[in-house]
Structures are given as structure tokens and as C-alpha cells.
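# Reading the structure
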Amino acid sequence: IDLDEIDDDVARLLEKNPKISVEQVPDPENPQIMLSTYTYQSKFNLVRNHTTLLAQINRSKNGVDQKDLNDCYDGVEIDIRDLVTAGGIISVNNSEDKTTVLFPRGETFLVELDGIITVGE
């Protein structure tokens, strides 16, 4: 779809969207004309697999909102669940705004807890 000729408003909205990358490429039929191409890009566009996912979370000492990672690649939700289950990362759920923040595991330490502790699923 050629947005430059059809709908300038949509093209401007796409250009302002931080999750859209706009690149000018030559027209294959007439290289003198430059065409805009629009590509979706996730917030963490270098996260492409289990290894780079864990590396990104480990770099984020203040945590990463899971919704910012959910569109990095197909199957990222499964990898996040597997990392939490295996103890590779810590998942903190906020019941007020329904967000989940993922933190690096960090160094192992023991702490004494008072009261009765239950582990939910």
C-alpha cells in the first residue's frame, strides 16, 4: 500500500509511533523514486530468543515490565514462564494495576521469614 499517495494522515501517525521504523528505499521499478517502508519494531528489538531474553532481564536491575517483552518474538511468554519456573528470574505481580515486572535473579541469599508463607501457582 502506498500511504504517501493514499493517506498522508496514516503515514504521519505511523512515523510518530515509536514501535514503527520508517526506512526510505528506492522503488524497484524506478530507482530515482524513494519509497517509505514501515516495519514494526518491539521496544527491545534485540531480544530474539531465550538467551537474549535472559541477557536483557539481567541488564535491567530495576526490572522489566513483561508487556514490553511480550512482542519480541513468538514463544517469548513460554520462555518467560520457563525462566520463572526454573528460578532464572523473579516475577513480581502487581495486583492493583495487573502488571508483571521481571527481575534478574542476582546472587543467592537466605533470609529468615516470620509468619506462615504459602507459594501460589
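These notes cover the structure that comes with them.

Rules of the game
Within each chain, residue numbers correspond to sequence positions counted from 1 in written order. Residue-level local features of this predicted model are given only where pLDDT is at least 70; pairs of side-chain atoms are given and counted only at 80 or more, and the full residue set underlies all totals for whole chains, interfaces and linings. Values reported for side chains reflect all heavy atoms of the structure, with hydrogen atoms and water molecules removed beforehand. Helix and strand definitions follow DSSP, with helices as H or I runs of at least four residues and strands as E runs of at least two, each counted in order from the N terminus. Just to be clear, the radius of gyration here is over C-alpha atoms, and the globule rule we use is 2.2 Å times residues to the power 0.38. When accessible area is computed with a 1.4 Å probe and restricted to protein chains, residues below 20% of their type maximum are described as buried, those above 50% as exposed, and intermediate ones as partly exposed. Contacts are assigned to residue pairs with any non-hydrogen atoms lying within 4.5 Å of each other. Exposure was quantified through the Shrake-Rupley algorithm and a 1.4 Å probe, taking into account, for residues, occlusion by the shown protein chains and nothing else. We treat Lys and Arg as the positive residues and Asp and Glu as the negative residues; His and chain ends play no part in the count. Here the site of a charge means atom NZ of a Lys, CZ of an Arg, CG of an Asp or CD of a Glu. When DSSP locates at least two bridges between a pair of strands, those strands are taken to pair.

This part covers the overall build of the protein. When you go through the protein residue by residue, the secondary structure sums to five helices and five strands. The secondary structure elements of the protein, listed N-terminal to C-terminal, are α-α-β-β-α-β-α-α-β-β. Taken against the 2.2 N^0.38 rule, which gives 14 Å for 121 residues, the C-alpha radius of gyration of the protein at 21 Å runs more than 25% over that of a compact globule. The C-alpha extent of the protein, read off along each of the three principal axes, is 70 × 30 × 20 Å. Here the protein, with 121 residues, has 23% of them falling under the buried criterion. A sequence separation of at least 24 residues applies to 39% of the contacts in the protein between residues at least 6 apart. With an accessible surface of roughly 9400 Å², the protein has 52% of that area assigned to carbon and sulfur atoms. Averaging the locations of the 11 positively and 23 negatively charged side chains of the protein gives two centres separated by 7 Å.

Our focus in this paragraph is the pairing of strand 4 (residues 89–94). Across six bridges, the pairing between strand 4 and strand 5 (residues 99–104) is antiparallel. Considered in strand 5, the bridge of I89 is made with P104. Hairpin connection of strand 4 to strand 5: four residues between the antiparallel strands, including K98 at a positive phi of 60°.

In short, the description is geometric, and any link to function would need to be established separately.
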